[in-house]
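# Coordinate inspection notes
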Amino acid sequence: AQSVTQLGSHVSVSEGALVLLRCNYSSSVPPYLFWYVQYPNQGLQLLLKYTSAATLVKGINGFEAEFKKSETSFHLTKPSAHMSDAAEYFCAVNNAGNMLTFGGGTRLMVKP
Amino acid sequence: DAGITQSPRHKVTETGTPVTLRCHQTENHRYMYWYRQDPGHGLRLIHYSYGVKDTDKGEVSDGYSVSRSKTEDFLLTLESATSSQTSVYFCAISERQGAAYGYTFGSGTRLTVV
């Protein structure tokens, strides 16, 4: 079975600082990987996805993620945090049944 | 998302009562999913549907049942609600099978069992 681990349930950064949210996956086959964002009282929105076309994936709102097979990682980054980036972020991987399996989530807080 | 709506948005119910949550889509997508969201657990799949009257269990299906009599509606029923089922429930839809296509999520239903 495939799984996802998000390191750090809470991450706090200052406005303008680098955002780094960590995601490691476990998979016996090449995975599809996703990052979703959830704003308060809303559903999940797709930020970006990796489907083997390119290892560096660019998403919405200035976010990007790099697939590193050797490290089994798919970390999410943004060069400069904005107050509006405060939300919960979920990494997800497809599983053997082609269903999304989610990590536990990371809540990003942005300090002024 | 305008193409998928969940109802009710909030519900408080008593232990032992049946509860039905509704997911309605206007996208004509074949695949529909029910997830629950709990702190520290992310989202966990309860049940999913791959067509009208075609459903299957997810990883946390105990205590839940589903029905899909029309393409646009996917119902989740808690036969006899328990406090452990207090959670936020999300419906999702997908045009095709295979996670490469991603899912579209509803806004969620917050269920409290007292």
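To keep things clear, this report deals only with the structure shown in the data block. None of the values given here were measured: they were computed from a predicted structure. (Residues numbered from 1 in each chain as written. Chains lettered and ligands numbered in written order. Predicted model: local features only at pLDDT ≥ 70, side-chain atom pairs only at ≥ 80, totals over all residues. Heavy atoms only, no water.)

## A word on the overall build of chain A
Scanning chain A for helices and strands turns up zero helices and 11 strands. For chain A, the sequential pattern of α-helices and β-strands runs β-β-β-β-β-β-β-β-β-β-β. The globule rule puts the C-alpha radius of gyration for 112 residues at 13 Å, and the 13 Å found for chain A is close to it. By principal-axis analysis of the C-alpha atoms, chain A measures approximately 40 × 25 × 20 Å. Among the 112 residues that make up chain A, the fraction classed as buried is 46%. Here the analysis covers contacts within chain A between residues at least 6 apart in sequence; of these, 55% occur between residues at least 24 apart. Mean positive and mean negative side-chain charge positions of chain A (8 and 6 charges, respectively) differ by 3 Å. (Helix = DSSP H or I, 4+ residues; strand = E, 2+ residues; numbered from the N terminus. Rg over C-alpha atoms; globule rule 2.2 N^0.38 Å. Buried < 20%, exposed > 50% of the residue type's maximum accessible area, 1.4 Å probe, protein only. Contact = heavy atoms within 4.5 Å. Lys, Arg positive; Asp, Glu negative; His and termini not counted. Charge placed at Lys NZ, Arg CZ, Asp CG, Glu CD.)

## Observations regarding the interface of chain B and chain A
Listed per partner, the contact involves 22 residues of chain B and 20 residues of chain A. Both sides together, the interface formed by chain B and chain A hides about 1600 Å², and carbon and sulfur atoms give 59% of it. If you look at where chain B meets chain A, you find four residue pairs in polar contact (both at pLDDT 80 or more). No other element matches strand β5 (residues 42-51) of chain B, which puts four residues into the side of chain B that touches chain A. Classifying every residue of the side of chain B that touches chain A gives 11 nonpolar, nine polar and two charged. (Buried area = accessible area lost by both parts, 1.4 Å probe. Polar contact = N/O pair within 3.5 Å; in protein donor to acceptor, adjacent residues only side chain to side chain. Nonpolar A, V, L, I, M, F, W, Y, C, P; charged D, E, K, R; others polar.)

## Observations regarding the packing of aromatic side chains
Per the stated rule, a full pass over the model turns up 18 aromatic pairs over all chains. Here A:Y50 and A:F74 contribute two aromatic rings whose centre-to-centre distance is 6.2 Å and whose plane-to-plane angle is 50°, an arrangement assigned as tilted. Of the two residues, A:Y50 sits in strand β5 (residues 44-50) while A:F74 sits in strand β8 (residues 73-78), which places them 24 residues apart along the sequence. Ring plane angle 75° and centroid distance 6.1 Å describe the contact between A:F102 and B:F105, whose orientation is recorded as edge-to-face. Taken together, the positions of A:F102 in strand β10 (residues 100-102) and B:F105 in strand β10 (residues 104-105) put the pair across two chains. Taking relative accessible area as the criterion, B:F105 reaches 2% and is therefore assigned buried. Aromatic ring contacts, followed pair by pair, group A:F34, A:Y36, A:F90, A:F102, B:Y33, B:Y35, B:Y48, B:Y50, B:Y103 and B:F105 into a single cluster. (Phe/Tyr/Trp six-rings, centres within 6.5 Å; stacked < 30°, edge-to-face > 60°.)

By themselves, these observations are geometric and do not establish any function.
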